[in-house]
Amino acid sequence: MTLQTKELGYYYLDGSKNRYIFQDLNLTFEKGVFYSILGKSGSGKTTLLSLLSALDSPKEGEILLDGISLKVMGLASYRRNKIGIVFQNFNLIPYMTAVENVMVVMSVTDNQSNVSAKEYALNLLKSVEIDQTTAERLVSNLSGGEQQRVAIARSLATNCDIIIADEPTGNLDDDTAVGVIDIFRKLVDEENKCVIMVTHSQEIATKTDIIMYLNKGSINILKKKEVV
Ligand SMILES: Nc1ncnc2c1ncn2[C@@H]1O[C@H](COP(=O)(O)OP(=O)(O)OP(=O)(O)O)[C@@H](O)[C@H]1O
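Rules used throughout
Residues numbered from 1 in each chain as written. Predicted model: local features only at pLDDT ≥ 70, side-chain atom pairs only at ≥ 80, totals over all residues. UniProt positions renumbered as here; feature names shortened; annotations may be inferred. Helix = DSSP H or I, 4+ residues; strand = E, 2+ residues; numbered from the N terminus. Buried ≥ 20, exposed ≤ 12 C-beta atoms within 10 Å, placed from the backbone. Contact = placed C-beta atoms within 7 Å. Core = buried A, V, L, I, M, F, W, Y, C linked by C-beta atoms within 7 Å. Pairing = 2+ DSSP bridges. Axes fitted to C-alpha atoms, helices over the stretch in contact; angles between N-to-C directions. Near = placed C-beta within 6 Å. Nonpolar A, V, L, I, M, F, W, Y, C, P; charged D, E, K, R; others polar. Expected span 1.5 Å × (residues − 1). pLDDT = per-residue confidence, 0-100.

In the annotation of an unreviewed UniProt entry, the protein is listed under the name ABC transporter ATP-binding protein and assigned to Fundicoccus culcitae. Word for word, the UniProt comment on the protein under Sequence similarities (unreviewed entry) is "Belongs to the ABC transporter superfamily."

Across its full length, the protein carries nine helices and ten strands. Principal-axis analysis of the C-alpha atoms gives the protein an extent of 55 × 40 × 40 Å. Counting only residues that meet the buried cut, the protein has 43% of its 228 residues in that class. Intrachain contacts of the protein at a sequence separation of at least 6 include 70% that bridge at least 24 residues.

With 70 residues, the main nonpolar core has Y35, V102, L125, V195 and I196 as its most contacted residues. Not counting residues up to four positions away in its chain, the partners in contact with V102 are A121, L124, L125, A153, R154 and A157.

Once that is clear, we can look at unusual backbone geometry. One non-glycine residue, D66, lies in positive phi territory at about 50°. Topologically, D66 is positioned in the loop between β4 (60–65) and β5 (68–69). Non-glycine residue N192 carries a positive phi angle of around 60°. Positionally, N192 belongs in the loop between α8 (174–191) and β8 (194–198).

Two elements, strand β1 (residues 2–14) and β4, share five bridges in a ladder whose sense is antiparallel. Counted as the bridge partner of G9 is E60 from β4. With two bridges joining them, β4 and β5 adopt antiparallel strand pairing. Counterpart to L65 in the pairing with β5 is I68. Between the antiparallel neighbours β4 and β5 lie two residues, among them D66 with a positive phi of about 50°.

Turning to the sheet that holds strand β9 (residues 210–215), a few remarks are in order. Overall, mixed pairing links the six strands, which are arranged β6-β7-β8-β3-β9-β10 in an open sheet. Looking at the sheet topology across the chains shown, the edges are occupied by β6 (83–86) and β10 (218–223). Averaged over all adjacent pairs, the angle separating strand axes in this sheet is 20°, with direction ignored. Two elements, β9 and β10, share six bridges in a ladder whose sense is antiparallel. Bridged to N215 within β10 is S218. Contacts from α8 reach β3 (34–39), β7 (162–166) and β8, with the element oriented near 150° to β8.

Right, let's get into the site of the ligand. Around the ligand lies a shell formed by Y12, I21, G39, S41, G42, S43, G44, K45, T46 and T47. Per element, the largest residue contribution to the shell around the ligand is three residues, and it comes from helix α1 (residues 45–52). A per-class count over the shell around the ligand returns two nonpolar, seven polar and one charged.

Another aspect to go through is helix α4 (residues 98–106). Here α4 has its buried residues at A98, V99, N101, V102, M103 and V105. Close packing links the buried residues of α4 with α5 (117–127), α6 (132–135) and α7 (144–155).

Side chains I83 and I85 project from β6 onto one buried face, and the interleaved G84 and V86 project onto a second face that is buried too. In the sheet, β6 pairs with β7 via four bridges, with the strands oriented parallel. Across the sheet, I85 pairs through a bridge with I164, a residue of β7.

Right, let's get into α7. Taking 1.5 Å as the rise per residue, α7 with twelve residues should run 16 Å; its terminal C-alpha atoms sit 16 Å apart, in good agreement. Among the twelve residues that make up α7, eleven are buried, leaving the element largely enclosed by the rest of the structure. Here α7 has its buried residues at G145, E146, Q147, Q148, R149, V150, A151, I152, A153, R154 and S155. Contacts made by the buried residues of α7 are with β6, α4, α5, α6, β7 and α8.

Quick look at the confidence of the model for the protein now. With 97% of its residues at a pLDDT of 70 or more, the protein has an overall mean of 93. Predicted complex metrics record ipTM = 0.95 and pTM = 0.94.

Written as structure tokens, this is what we have:
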């Protein structure tokens, strides 16, 4: 799996002028690598993630998954089958249990499994250290760290290679944040996932393999791991 941006550009209309957030970004994301995106407030981190998650379309250039443009693949199909998204505010459905939250995504993805949807969801929850008793509780009664782990399990329901996370530890205390990052680390190292995470924390970024600094429309890349 290779996700690439080709001469990616995005601007917002500012009065009658286009105000560029970034231009000519050529980035590559691979399986088995944990990426963090850092940058000052307003540098365009969320804009970049919204393009990578096909919640918005590029103004210039394109995004390719294994050489196929997302436009050709279809943005909805890409979102439903190729990526999982984790948000800062968890965005779980509060009146449903943890396992039901995961099953909701399973009902719209093309991911087929031999076991029942519930069993599949429980296994995903177990992989993020949510046991069955906790899985049967309403998510509104779970702690922030537990809710974010449920959200990660939900992002895995599509059986995707890519997890896109926007400030996933932003609402968590330091210890809980480390627990969530450890889960991403395990998914990268043991399950060969690609995690692309925006964070404000330099310290959290040091736990990732490749740090991308977004600054004034361009990106500086710091590799901590040789990527083949
Ligand atoms: N819908 C919009 N219309 C016009 N300008 C926008 C819009 N959305 C974002 N912007 C501007 O684009 C720039 C980049 O925003 P973005 O949210 O991507 O930054 P960010 O790096 O994620 O910031 P933060 O760390 O504060 O979340 C900001 O200057 C923002 O004000």
